Amino acid sequence: MSESRGRHRPEDEHRPRPGEPPPFETPEAVLGLQPESAPAAMPRGRPGRVHFVVVVTRAVTAEDQAPPGATLVARFWHPSLRRWSESPFESLEHALHLFVDESGWVLRQQQALDGPHAFELVFEARREDFSRPSAEAMLQDVGLSAEDVADLIERVERENGTDEQP
């Protein structure tokens, strides 16, 4: 049959008839320029300079000398001490509790890595979170002499076997 009678040829069956709107959005409509919108600002809970902390966890090994019950070790760079900080934890939830609830950090991203107990956690912290008084300063504040503080810390490190290594 001819086109003059209003019938479509087989190759035209997915095209709209003259005067009908297309049954789908055209690429031009989908890809048209969109007005630029400003990125959403991150909510600011506390004033101060933002510092992002990347914490990487891994399974505890025999070399870690971790306490009984610890399943993972969390490691991050401590800017004030200028060294890596490693801490054993019973679980990921335990580590998150320490970093979020006790340190006041805000978890921004969490992803699993290859390996048991291996995660990458990105936190938002403040620079002042790393400049709090040291354990030595707090012990001196409660009345211990510098010599007493040094002896106490040495004894605790000796008993726990946690000599600090840069």
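From a predicted model like this one, the values you see are computed outputs, not experimental measurements.

Draft legend 1. Main features of unusual backbone geometry. The phi dihedral of Gln 65 falls on the positive side, at around 50 degrees, and the residue is not glycine. Tracing the backbone shows Gln 65 in the loop between strand E1 (50–59) and strand E2 (72–78). Using a relative accessible area of 59% as the deciding quantity, one classes Gln 65 as exposed.

Draft legend 2. Structural detail: the confidence of the model for the protein. Averaged over all residues, the pLDDT of the protein is 76; the fraction at 70 or higher stands at 63%. The least confident element of the protein, judged by mean pLDDT, is helix H1 (residues 27–30) at 50; the most confident is strand E4 (residues 106–112) at 94.

Draft legend 3. Layout of a nonpolar patch on the surface. A cluster of nonpolar side chains, Val 54, Val 56 and Leu 113, forms an exposed patch at the surface whose accessible area comes to about 200 Å². Position of Val 54 among the secondary structure elements: in strand E1.

Draft legend 4. Geometry of the nonpolar core. Counting 14 residues, the largest nonpolar core has Val 53, Val 55, Phe 99, Trp 105 and Phe 123 as its most contacted members. Mapped onto this core, the elements with two or more residues apiece are E1, E2, helix H2 (92–102) and strand E5 (119–126). For this core, the element with the most residues is H2, which contributes four residues. Residues within four places of Phe 123 in sequence aside, it is in contact with His 51, Phe 52, Val 53, Val 55, Leu 96, Phe 99, Val 100, Trp 105, Val 106, Leu 107 and Arg 108.

Draft legend 5. Seen up close, H2. Of all the residues in H2, the buried ones are Leu 92, Ala 95, Leu 96 and Phe 99. The arc enclosing the buried residues of H2, seen along the axis, measures out at 95 degrees, which places them on a common side. More than 90 degrees from the buried face of H2, the exposed residues found are Glu 93, Asp 101 and Glu 102. Looking at the buried positions of H2, the neighbouring elements they touch are E1, E2, strand E3 (83–89), E4 and E5.

About the cut-offs
- Residues numbered from 1 in each chain as written.
- Predicted model: local features only at pLDDT ≥ 70, side-chain atom pairs only at ≥ 80, totals over all residues.
- Heavy atoms only, no water.
- Helix = DSSP H or I, 4+ residues; strand = E, 2+ residues; numbered from the N terminus.
- Buried < 20%, exposed > 50% of the residue type's maximum accessible area, 1.4 Å probe, protein only.
- pLDDT = per-residue confidence, 0-100.
- Patch = residues over 30% accessible without salt bridge, like charges linked within 9 Å, V, L, I, M, F, W, Y side chains within 5 Å.
- Areas by Shrake-Rupley, 256 points an atom, 1.4 Å probe, with all protein chains shown as cover.
- Salt bridge = Lys/Arg side-chain N within 4 Å of Asp/Glu carboxyl O.
- Core = buried A, V, L, I, M, F, W, Y, C linked by side-chain atoms within 4.5 Å.
- Contact = heavy atoms within 4.5 Å.
- Arc of directions from axis to C-beta.

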